[in-house]
Structure formats: C-alpha cells, structure tokens
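# Structural description and commentary
Chain by chain, the residues run as shown.
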Amino acid sequence: MRRVYLDHSATTPIRPEVLEAMLPYLRERYGNPSSLHHWGQEAKKAVEQAREAVAALISARPEEIVFTSGGTEADNLAVIGAAYANAAKGRHIITSSIEHHAVLDSMQYLERQGFKVTFLPVTAEGLVQVDEVGAAITPETILISIMHANNEVGTVQPVALIGQLAKEKGIILHSDAVQSAGKIPVDVDELGVDLLTLSAHKIYGPKGVGALYVRKGTRLDPIFHGGAQERKRRPGTENTPGIVGFGRAAALAKQEMATEARRLAALRDRLLDGLIKRIPDLVITGHREKRLPNHASVCVKYVEGESLLLSLDLQGVAASSGSACTSGSLEPSHVLLAMGLPHEVAQGSLRLTLGRENKEADVDYVLEILPPIVERLRAMSPLRC
Amino acid sequence: MRRVYLDHSATTPIRPEVLEAMLPYLRERYGNPSSLHHWGQEAKKAVEQAREAVAALISARPEEIVFTSGGTEADNLAVIGAAYANAAKGRHIITSSIEHHAVLDSMQYLERQGFKVTFLPVTAEGLVQVDEVGAAITPETILISIMHANNEVGTVQPVALIGQLAKEKGIILHSDAVQSAGKIPVDVDELGVDLLTLSAHKIYGPKGVGALYVRKGTRLDPIFHGGAQERKRRPGTENTPGIVGFGRAAALAKQEMATEARRLAALRDRLLDGLIKRIPDLVITGHREKRLPNHASVCVKYVEGESLLLSLDLQGVAASSGSACTSGSLEPSHVLLAMGLPHEVAQGSLRLTLGRENKEADVDYVLEILPPIVERLRAMSPLRC
Amino acid sequence: MSYSDKVMDHFMNPRNVGEVENANGIGQVGNPLCGDVMRISVRIENDVIKDIKFKTFGCAAAIATSSMITEMVKGKALEEALRVSNRAVAQALDGLPAQKMHCSNLAAEALKKAIQDYLARHS
Amino acid sequence: MSYSDKVMDHFMNPRNVGEVENANGIGQVGNPLCGDVMRISVRIENDVIKDIKFKTFGCAAAIATSSMITEMVKGKALEEALRVSNRAVAQALDGLPAQKMHCSNLAAEALKKAIQDYLARHS
Ligand SMILES: Cc1ncc(COP(=O)(O)O)c(C=O)c1O
Ligand SMILES: Cc1ncc(COP(=O)(O)O)c(C=O)c1O
Ligand code: FES
Ligand code: FES
C-alpha cells in the first residue's frame, strides 16, 4: 500500500543527517557531561556545540538556551517558572484561548494556586488581537504567553507587536514556537520575547528533547530540583545524543528554511485549493495567509473526524484531527470552538501537515482518495439533509 | 593510550542490543504514540511493550509505570507529587541525609512551601537505621523517601524493613532505586514501596529516560501539565526510541543480573583489597557487605579528589569523586559528611564503579597506576606530616 | 485506535445504512459525551422489526455499533430487541477499546427511542 | 575540566614543591570556599626572595597556581612579589575556568602570608 505521512505537526521523522550526528553519542561517546574525565568532557563539548546551533536558529545567545525533555516541559518551565519567580510583583497573567495544552493546563494549574489568568478570545481566523492584549494588561500583570503558531490551525500570531507592548510595560513575554521554529523565521529580539519554547521532534530532530530560551535577566524558578546541570535551571543527566540531534536539526532547519518554506507553501496551496474544489461544504480553518507554510486544516461538514482519519489510514494516509495529544479525548478542539465554529462542524476537523519528504504526488493522492471517503461518510450522516 | 571506564554510576554505555532495538524507532517508526494512524499505533505498541519490560524488572504491573525524562524527574514527581497530593492528611516527610540531590533538593523546596522534613542521620557505614525511621514518624507524616542504594558509597538500605513500618502506619514510601535496579533484585512488593525511581542510562539504556513506579491507588499530583499521555501523570510526546531502549535494557538486566552481579562483586573485591594493600591511609567508604556489587569507593587521605581524578584521567582511567552531577561543586559530598568523615578526608573521595566491559586487567591497571599517583600528590600535600 | 477486525468490517462495510421507507418509528440520539449523533428508523409489523436502517455521525465505534445492532435485531420481536444491551453489541463486535465503550450506548439508545416512537404512535 | 595546557603542565610537573630549608617565612592558608590548603615557605635575604617552595592539598588549579606563583616571584624583591595578583597568576597560566578563579586566591594569599610572617619575625 502507498503510504503518505501528512502529520508533521504531530511529529517528524529524524533526518538521516541528524541520526548520523547522534550515533557516536549513542555508541562510544557515552560520557556524562558532568564528569570531569575524558568521556565526560567529550560529551560536554557536544552539548555546548548543540546549544550554539539551537541558539543560532532563533538568534539567541547559547547561554540563554536551557535544554529540556521537550516542548511540554519547556512550556511548563516558562509559565510556572516565570509566574512563581515574579509573583511578588503581581499575580495576573494573560494568555490566549488557543494555546497548546502544555500552556493552557499550566495556566489552569496556576489559577488553582491563586493566580488570575485572562484567556483572550481569537478571531474567526484564530488570530489574537493585539489591542485586546493591551486592554487586558493591569498593573498586576507579570506574564503574557501567546503562541507563535498554532498547532491545530497553523495561524501565525502577531507576537512582535505583542512584544512591543510587553516591553513598554515591563511584562515578561513567553511564546510557544514549537510549530513555527525551523519553518518560518523566529528571532527572539524581533519578536521581543523573554521566553520561547522549542521542541526537537517537530523539526526532524529526536523526541524527548526541547529547549526554553530564557532572555538574560529573566527571573525564572526551576520546576525540577537536583543537580547543577543547565545552570541550575534544569537538573538531571543531559540527554546528550538527543541534544546533539537537536543541534544538528536546528542547523539544518536554519540552512534550508527559506527554500523549503516556499516549496511547502506551494504544495499546501495545491492541497487546499484541490480540497475546496473537490469537496463541497468544506471550511478552511485558520487564516488563509498568516499560516504556517506546511499547514492545511479544514473542517469537513457532516462528518466526524475519527471516521475520516481511520478511513484515510486504511488507504495509507496519516493525518490528524486537531492535535495528537488530545486525539484520545472526546471533546472537540478548544481551538476550533474558540474560533466560533459550531460543535458539530468542529467535530469534522482534519489536519494535513506537510513535510520534507512530501511531493506533489502525495498531495494528488490525498486529493484523489479523500472525496470518495467524505462522500461515503456523508451518505451515512444524519446531519446532512 | 589504554582507556578504562570506571564510572558506571555516573552513566553507562548503551548496549549494542539496546541500540539495535532503538534504531527502527530512530528511523522509520517515527510516529507519535498519540496518533490514531498506522505510524502512531506502531509507536504506541512499542511503548507499551517497553512498559511491560520495565515493570517486569521490578515485579510491578505495566500500568503502574510512568515514563519520565530520567531519574531526576521521577524523583521530583514522586516527592513533590506525593507531598502535594496528600497534604490534606499532613505535612511531615521523612528522608535521609544521604539522598541524591534530586530528592534532597526537592525536599528543601517542599520545606520552603511549608512542609516539615526530617533528614535522618546515617551510621558511619552510611546506613539509615530503621528504628530511627520509626521514631521520626508522627501522625502528620505522609511520605517517607529512602533511597535503595546510595550513588556515592554504594550502601544498600534496609528498605524492606522500612516498608513494613510505612505499611503499618499507612504512610507512602518512595525509594530511589536508580543505582540498585538491574544490579541487585528490586521487587516493589518485597520492598513495600509505593513509589520507586528508575533511570535508563544507569543500566546500559539511553540517557533522557526514566520511570516512576506508582503503586495502584497512590495519590500523586503531576508536576507537568499538558496532554493526556501517561494517564495524565506525565504529559508530553513520548520519547519512543528512548523508552524502547529502556525496555530492552531492563529486560537484559533482569536476565543477566545474577551472574553479572557475582562477576562484578569479585572484581570489586579484587579492587578494594588491592587498594587497601597498596595504598596506606585509605578509608573504605560505605558498608563492606551491604553494598552494590560494582561499587568501590574510598577516601584517600591527604589528597584532594579532583587532582586524583585528573591524574587518573591523564592515564586513561575514568573515575569520579562523589556524584557526577555535583562534580562542578566545591563542597565536599553531603553523603560523606553525613557519615561523619572529617571535611579534609571527604575531600579525598574516589569512586570506582565497575561495569559490563570491565575485566580483571582493568582492575589490575588501576591498582598499578593509582599508588604512584597518590604518592606524587601526597608528596605535595601540606596535610601529611 | 486498535479496533477489532469486526469493528473495522462494520465500519468499512456498514449494514443497513439509510432511512427505512414507510418507517413507523424513528429514534435520534446525541451522545452527550462527544456530540456524536445517530438516527435509527424502523418498520415494525406485528411487534416484529421488519426493517431497520441507521444513519450515524460519529466515530468508527459509533458506526460499527449502529451497523451491528441493526443486524442483531432485524426480524426480531420488539421484546427481544429491547433486551439487546449495549454490552451485547460491543461483545458481538469482539469488544471495544475502554474509552470507546460509551459509543455503544448510542446504538442501544437510538433503537430504544425508535421503538418507543413506534409504540407512542400506535397506542 | 578544560584546563589550559599550561595548567596541566604545572599540575603534572609542579615547580618548587616542598619546604624551604631554613625558611624564614611561612604562610599557610585554607580556602574557605572549598577547604583546600596551601603552604608556602620562603627564604628571604635582603628583601629578595632567594628560595620559595609550596605544598598544596587541593585541585589541579590550586596546584598549578602554587607552582606558577613560586616561579613568578623567585628572585624577586618583596615589594615586587607582593604586587603579583591572583589575576596575574591566572593569566600566566593562560587562564582558568570561571569556577576555578577562586583557586588562584589561595596562592596569592599564601605568598602574602609568608612574606608577612617574615616581616613580623624580622621587625
Ligand atoms: C504548539 C505546541 N506546543 C507544545 C507542544 C509539546 O511539545 P512536546 O511534544 O515536545 O512535549 C506541541 C506538540 O506536541 C505543540 O504543537
Ligand atoms: C541515586 C540517583 N538518583 C537519581 C539520579 C538522577 O538520575 P538522572 O541522571 O536520570 O536524572 C541519579 C544519577 O544521576 C542517581 O545516582
Ligand atoms: S466517540 Fe462519539 S460515539 Fe464514539
Ligand atoms: S577547588 Fe579548592 S582550590 Fe581549587
């Protein structure tokens, strides 16, 4: 069976060059970077080189990069760590209603701890409005967390404008750039962020590694306690092979970003245009221009997402309905509901996210098999009159 | 130069069989285990198989294993998670003064949050005394955390006896088994623990993966917030290759434990006996019998640890002075001080930890090169009269 | 999702899809947990289900259980049909994943509602 | 530890190890940060350091800085010797890792103490 992977927002394959870079650290270079001896120092050097590469991807300085076990940990460290470290200044936080659960659930945790959190609405295209951020700021506000690009609908937020606001008011700005980094330019100074989340497995690096950018001078409490690794911001023996892989993936992403983004955007438009042409009653979700180059997302009316996914899977196509980490859940996406879509339309959500290996033929294959699948499911649907 | 790695307590190389098992998941089987499609389900199956193998190593049930990013995270999750989840019952915790920093620093964090923590002393051999645990228990006690085997001196604690006490009183018992699991038998029921920490990179598995055993019914708050992975106890995209490697490492450790422990104990005794014979003014640290089979640790009087390590390193031998993660620190080991060693003796700490690849010749090499190194450094020392 | 082969069969080749012509009982239910919707229409004659069809907007389990229940009760007396529990349907499908057990409620309830509708109309 | 080659050289081949016979000044200091100890003994004649030796219980940086400082001041006038700062010693060793800068204090202080000891004895 022909297999087409169109779920790159959920995770990406490790690039061969990345695995290549990792292998020595999975084999003979196994030292603990904290050890003083040969093996340890060899590992430490590799970690520091990777730190430089990751920093370079977002125009940061190496010492501002804290390696974590992934995007989720980095989001938690940013949100909870900044909230606690700055609680003396105030206890109000601003975020959006379409954040990834790693931010959203951390915010809800903070609410239970007595912080006040404003969850900003978004437009029908999934955009946070800058003036609403401004209006939400109070003298108590210590942290703003607005994701750079949304994982479900691909919308890219006006983080740089929010950064100007935050700077004026001296408020810490965090942005979850897990989906955007490596795909579109991310420059911590241009965005004006103090904290920024990255995850390796979304940019053809290994799973289980991420990073938090922490601008020099930003007060942040750790969420783990233990050894002195990562300048005491994140204890635990470093995942050297993972970090090395992350570094290589970041370097390659930086190198190829511009050309690859152009290629993917053309594929994505071919896909979106094709879907619109072939499937009636389709809603494109997210902003048509301000979106990630590889991201196509739609709601197929009168049809439910899991049936759609399973049918696609039976024909070799990997897609998702909203985010991967909530795919076991029964509720429709909080993102789509926040964008004002009716419950039953949100249930028909389909996300097709392109990647390095996808070619036109893959897009055309989906365009060929999806319409009959939709037709078959719609014929069964009591919602279509 | 001949290279001899004698720092297996800091970290171990990944076994070839383990890397072999990981490779497909670093290559073509890259799905996100939360995804519903083919790639996702393939990854999920692998994670669940690994869960079974890790559970089997400690005679637990698979659903009682929570995968984490390492021992440090698992220790934090156990200590902080259990403290918060059970704070309504009381706010007193008992631990020892020789725990790993991941436990110790978590305890200090809890103290700042208003918990009361008793840090039990240890004997000169580094043993926690069971009757002192009993005496420390109050009606407010909600958690006891006593490590199974110490990482600096190798002493194995009477956890099973403490388990009986804890059970009688209905107190949650956590044990950090990062150093013992895979080397000596660890059976969660025999030990009577409710929470137990494991780390893959100490048993020839990959870095960046660990696990917390959570006995069914144990109340535990997560320390991360986000997706629904690991039954909501630990969100974040699973490190599939790492978890698969951990599973394979656990299975192999279980299989070979008995014979390997015998072999290592003989090597260790050859090393310890040889050191005593060849180097005067040497203090063996830890208990002579109740110790890990691969663990030799001494204090070399009148000499400072780093000089010793560096001199050994120049002759190809990797060793450590106390734990790896505090090797950058200036203070002598909290473990040795708790055992009553004078400050200047504790500074001469040397840990030699054996592993799978070590042979008699390696031990003999160390026995040959170490005495002259000590002699040279002692000749420089103002402490030797 | 690890569905049984039977579930996958009924999902891909559902039996009795559609609306019964001259239906004399219709039941439509929405699942409060997930928002999925199912409609069952029946033609009942002499207290026997002569014909039955379904339409479902929902997950694979919802579709498979709808299909299965229509097969199980077609030609059965009302009394017997009403005794078909959601568990029985799940069992007939060689089981459902734990988090999908609730889906089988949909089918059982839609059937019950359709029969009740018939009874209400004809009493 | 990433020590410079110079540090490693002075660590492995330290100059002027031992105790000066007929020393007329002795300085011993302990580093409050890490507990390491250094002793410098000097033979001073006509306000010039004729001979100097050290003994150090400490890290490689401590040993190397002791060795280096003895080389730097041997034969020097007291005044000049007292002007040798811990930074100068570190520099002469092609630098020290950040967390090891404090080690160089040991050497500078032990030297100062030895000279003070001499001055106290001879005034
Ligand atoms: C926007 C966003 N933030 C955070 C995460 C979490 O990252 P990780 O899977 O590395 O924990 C993801 C992906 O899962 C994501 O898409
Ligand atoms: C006893 C003990 N506990 C916890 C840890 C921490 O484990 P990890 O390095 O996987 O974070 C270690 C080793 O570093 C250890 O020896
Ligand atoms: S999830 Fe809605 S019926 Fe199955
Ligand atoms: S660490 Fe003590 S002098 Fe260097």
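Residues numbered from 1 in each chain as written. Chains lettered and ligands numbered in written order. Predicted model: local features only at pLDDT ≥ 70, side-chain atom pairs only at ≥ 80, totals over all residues. Heavy atoms only, no water.

## Let's talk about the domain arrangement of chain A
Residue and element names in this part refer to chain A. If you check the domain split of chain A, you get domain 1 (4-11 + 257-380) and domain 2 (16-252). Across the boundary between the two partners, domain 1 contributes 29 residues, which contact 30 residues of domain 2. When domain 1 packs against domain 2, close to 2500 Å² is buried across both sides, 60% of that on carbon and sulfur atoms. Considering only the side of domain 1, the residues that lose the most area to domain 2 are Met257, Leu292 and His334, jointly responsible for 25% of the buried surface there. At the junction of domain 1 and domain 2, the tally comes to 0 salt bridges. Our count for the contact surface shared by domain 1 and domain 2 stands at 15 residue pairs in polar contact (both at pLDDT 80 or more). If you list the elements that add at least two residues to the side of domain 1 that touches domain 2, you get helix H8 (240-278), strand S10 (295-300) and helix H10 (334-338). Per-element accounting of the side of domain 1 that touches domain 2 gives the leading share, 4 residues, to H10. (Domains from an automatic or database assignment. Contact = heavy atoms within 4.5 Å. Buried area = accessible area lost by both parts, 1.4 Å probe. Salt bridge = Lys/Arg side-chain N within 4 Å of Asp/Glu carboxyl O. Polar contact = N/O pair within 3.5 Å; in protein donor to acceptor, adjacent residues only side chain to side chain. Helix = DSSP H or I, 4+ residues; strand = E, 2+ residues; numbered from the N terminus.)

## Description of the site of ligand 2
Taken together, 15 residues lie around ligand 2, and A:Thr237, B:Thr72, B:Asp176, B:Ser199 and B:Lys202 are the ones closest in. More than one chain lines the surroundings of ligand 2; the residues nearby belong to chains A and B. In this structure, B:Gln179 approaches ligand 2 through a side-chain N or O atom, which is 2.8 Å from an oxygen atom. Between an oxygen atom of ligand 2 and a side-chain N or O atom of B:Lys202, the distance comes to 2.9 Å. For ligand 2, whose free accessible area comes to 390 Å², the fraction covered by protein is 96%. (Near = heavy atom within 4 Å. Areas by Shrake-Rupley, 256 points an atom, 1.4 Å probe, with all protein chains shown as cover.)

## So, the pattern of salt bridges
Pairs can form between side chains of opposite charge once their charged atoms are near each other. On inspection of all chains with the given rule, the structure shows 48 salt bridges over all chains. Here A:Arg384 and A:Glu375 are joined by a salt bridge, their closest N and O atoms 3.1 Å apart. Its salt-bridge partner being B:Arg15, residue B:Glu17 comes within 2.8 Å of it at the nearest N-O pair. Accessibility expressed as a relative area gives 4% for B:Arg15, which makes it buried. A single salt-bridge network, built from bridges that share partners, covers A:Arg268, A:Asp269, A:Asp273 and A:Arg288. (Buried < 20%, exposed > 50% of the residue type's maximum accessible area, 1.4 Å probe, protein only.)

## A word on the sheet that holds strand S7 (residues 195-199) of chain A
All names here are of chain A. In spatial order, the strands read S2-S8-S7-S6-S5-S3-S4; together these 7 strands make up an open sheet with mixed pairing. If you trace the sheet from one side to the other, it starts and ends with strand S2 (65-68) and strand S4 (116-120), each paired once. Neighbouring strand axes in the sheet, compared pairwise and without regard to direction, differ in orientation by 20° on average. The sheet contact formed by S2 and strand S8 (residues 210-214) spans 4 bridges and is antiparallel. Within S8, the position partnered with threonine 68 by the bridge is glycine 210. Those strands touched by helix H6 (residues 159-169) are strand S5 (141-145) and strand S6 (172-176), and its axis lies near 165° from that of S6. (Pairing = 2+ DSSP bridges. Axes fitted to C-alpha atoms, helices over the stretch in contact; angles between N-to-C directions.)

## What to know about the interface of chain B and chain A
Many analyses report the size of an interface as the accessible area lost when the parts associate. Every contact between the two is made by 59 residues of chain B and, on the other side, 59 residues of chain A. Here chain B packs against chain A, burying approximately 4900 Å² in sum over the two surfaces, 64% of which is carbon and sulfur. Looking at the side of chain B facing chain A, the largest losses of area belong to B:Tyr30, B:Lys207 and B:His225, adding up to 15% of the total buried there. Applying the counting criterion to the chain B and chain A interface returns 18 residue pairs in polar contact (both at pLDDT 80 or more).

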